[in-house]
Amino acid sequence: MTLDPGTADTARRLRDGMAHGVLSFPLTSFHDDGTLDPDGFRAHVAAQIATGPGAVFPACGTGEFFSLDEDEYRQVVTIAVQEAGGRVPVVAGIGYGWAQAVRFARIAEEAGADALLVLPHYLVAAPQDGLVAQLEQIAARTSLPLIAYQRGQVAFSAGAFRRVAGIPGVIGLKDGHSDLDRLQRLTLAAPEGFLFFNGASTAEIQARAYATVGVPAYSSAVHAFAPEIANAFFAALRDGDHGTVEKLLRDFYVPLVELRDRVPGYAVSLVKAAARLRGRPVGPVRAPLTDPSAADLADLELLLTSGLDLVGADL
């Protein structure tokens, strides 16, 4: 895969970052009335970057991309770029149909983002040719490198993936399906240097399994509210400390997933609630998501307190 110098440099920076830290997906801060809170977001993303992630991905799924208008999106990406200050790559989310995705891509490019994560398209199922064409249309209209995201209605066959990986500017794939048979076929079909990372919900649960098919890098929603836990798990996994990995999985991550699975949308709203419990200025979620019930919030606080205690940190 031959890349232009700028794209190659971004790919290199992302590869280096993935080897040294989790990928951060910051929350988008809202006031209690649902309006964007730029100051809160700035404080949150600055705190995230200070903990040493491999890259920061603003305005993606955890950041409620689907609820942002174009002006809010511009503010969020601009703030993330400013706070990163070139220290880590900034990969902005884009999505919907390709025409709308391109509008967001142009905003991200103007704001100074390093690359784009192409979220699954809106609503409809599509054949493999259409999935490839979606990325071709976007890539032809932006100078920023693209990372494809297969999740939900987007799942590439090996043949379609070869075409995707051959699109100029497409440098990586985020996988949210956790179909390791399919993923292994894609990694074997990929050109040298192509980037892969685990984007499953609560990715730490499956991090060891992903690593066995050559995909050790992963995103971490936990990093958005407890970077101490996320970084401790990453270090233990990297260093082969199986005892710590299994203790954190058993006593924190598995109970978190069980709590997350109680209500649709908790993959985001629980993360925001946990951040609020720690005094982070992230505010509520926007509809159609809902904040956790009082009972679930109480269970979350107990779990968060015990999880932080496991790594020697306080609420």
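Residues numbered from 1 in each chain as written. Predicted model: local features only at pLDDT ≥ 70, side-chain atom pairs only at ≥ 80, totals over all residues. Heavy atoms only, no water.

### Things to note about the overall build of the protein chain
Looking only at helices and strands, one finds 12 helices and 8 strands in the protein chain. The C-alpha radius of gyration computed for the protein chain amounts to 18 Å, which stays within 12% of the reference 20 Å derived for 315 residues, consistent with globular compactness. The buried share of the protein chain, taken over its 315 residues, is 53%. By sequence separation, contacts in the protein chain at least 24 residues apart represent 73% of the contacts at least 6 residues apart. Total accessible area on the protein chain stands at roughly 12,600 Å², and carbon and sulfur atoms take up 53% of it. Here the protein chain contributes 26 positively and 36 negatively charged side chains, and the mean placements of these two sets differ by 4 Å. (Helix = DSSP H or I, 4+ residues; strand = E, 2+ residues; numbered from the N terminus. Rg over C-alpha atoms; globule rule 2.2 N^0.38 Å. Buried < 20%, exposed > 50% of the residue type's maximum accessible area, 1.4 Å probe, protein only. Contact = heavy atoms within 4.5 Å. Areas by Shrake-Rupley, 256 points an atom, 1.4 Å probe, with all protein chains shown as cover. Lys, Arg positive; Asp, Glu negative; His and termini not counted. Charge placed at Lys NZ, Arg CZ, Asp CG, Glu CD.)

### Quick look at the side chain of Glu64
Relative to the helices and strands, Glu64 resides in the loop between β2 (55–56) and α3 (70–84). Relative accessible area serves as the criterion here: at 0%, Glu64 is assigned to the buried category. Aside from chain neighbours lying at most four places away, what touches Glu64 is Thr28, Phe30, Val268, Lys272, Pro284, Val285, Arg286 and Leu289.

### As for the packing of aromatic side chains
In this structure the tally under the stated criterion is 14 aromatic pairs. Judged by centre distance (6.1 Å) and plane angle (50 degrees), the rings of Tyr218 and Phe234 are tilted. Taken together, the residues span a long stretch of sequence, with Tyr218 in the loop between α8 (207–212) and β8 (219–220) and Phe234 in helix α9 (residues 227–239) at a distance of 16 residues. Taking relative accessible area as the criterion, Tyr218 reaches 2% and is therefore assigned buried. Counting every residue linked through ring pairs, the aromatic cluster contains Tyr218, Phe233, Phe234, Phe252 and Tyr253. (Phe/Tyr/Trp six-rings, centres within 6.5 Å; stacked < 30°, edge-to-face > 60°.)

### Some thoughts on the sheet that holds β8
Taken in spatial order, the 3 strands line up as β2-β1-β8 in an open sheet, and their pairing is parallel. Edge positions in the open sheet fall to β2 and β8, since each of these has one partner strand only. The pairing of strand β1 (residues 23–24) with β8 spans 2 bridges and is classified as parallel. Looking across to β8, one finds that Leu23 is bridged to Ser219. (Pairing = 2+ DSSP bridges.)

### Some words on the pattern of salt bridges
A complete count under the given rule lists 19 salt bridges for this structure. Close ionic contact of Asp9 with Arg12 constitutes a salt bridge, the shortest N to O distance being 2.7 Å. With Asp9 and Arg12 both in helix α1 (residues 5–20), this residue pair falls 3 residues apart, about one helical turn. Take Asp9: its relative accessible area is 35%, and that puts it in the partly exposed class. Residue class for Arg12 comes out partly exposed when judged on its relative accessible area of 39%. Among the salt bridges present, the one from Asp291 reaches Arg276, with a minimum N-O distance of 3.5 Å. Of the two residues, Asp291 sits in the loop between α11 (266–277) and α12 (294–310) while Arg276 sits in helix α11, which places them 15 residues apart along the sequence. One network of salt bridges, with partners in common, ties together Asp9, Arg12 and Asp16. (Salt bridge = Lys/Arg side-chain N within 4 Å of Asp/Glu carboxyl O.)

### Re the sheet that holds strand β7 (residues 195–198)
Taken together, the 5 strands give an open sheet; going across it, the order is β3-β4-β5-β6-β7, and neighbouring strands pair in parallel fashion. The two strands at the open ends of the sheet, each matched to only one other strand, are β3 (91–94) and β7. Neighbour-to-neighbour, the strand axes of the sheet open up by a mean angle of 25 degrees, direction not taken into account. Pairing geometry for β3 and strand β4 (residues 115–118), over 4 bridges, is parallel. (Axes fitted to C-alpha atoms, helices over the stretch in contact; angles between N-to-C directions.)

### Notes on a nonpolar patch on the surface
On the surface, a cluster of nonpolar side chains totalling about 350 Å² of accessible area is made up of Tyr122, Leu123 and Val124. Within the secondary structure, Val124 is located in the loop between β4 and α5 (128–139). (Patch = residues over 30% accessible without salt bridge, like charges linked within 9 Å, V, L, I, M, F, W, Y side chains within 5 Å.)

### A word on the environment of Gly86
Within the fold, Gly86 resides in the loop between α3 and β3. Take Gly86: its relative accessible area is 55%, and that puts it in the exposed class. For the pair formed by Gly86 and Ala211, sequence separation is 125 residues and the distance between their alpha carbons is 28 Å.

### Overview of the nonpolar core
Within the largest apolar cluster, 75 residues are counted, with the highest numbers of intra-cluster contacts made by Phe57, Tyr73, Ile94, Leu117, Phe156, Phe161 and Phe196. When near neighbours in sequence (up to four residues on either side) are disregarded, Tyr73 contacts Ala59, Phe65, Leu68, Ala92, Gly93, Ile94, Phe104, Ile107 and Ala108. One finds Leu27, Val271, Ala275 and Ala313 within the second-largest nonpolar core, a separate group that totals 33 residues. (Core = buried A, V, L, I, M, F, W, Y, C linked by side-chain atoms within 4.5 Å.)

### Digging into the side chain of Glu72
Tracing the sequence through the fold places Glu72 in helix α3. According to the relative accessible area criterion, Glu72 is buried, its value standing at 10%. When near neighbours in sequence (up to four residues on either side) are disregarded, Glu72 contacts Leu36, Ser67 and Arg286.

### Some thoughts on α5
Compared with an ideal rise of 1.5 Å per residue, which puts 12 residues at 16 Å, α5 spans 17 Å between its outermost C-alpha atoms and is within 8% of the ideal. Of the residues making up α5, those classed as buried are Leu131, Val132, Gln134, Leu135, Ile138 and Ala139. Each buried residue of α5 lies within a common arc of 150 degrees when the element is viewed along its axis, so the set occupies one face. (Expected span 1.5 Å × (residues − 1). Arc of directions from axis to C-beta.)

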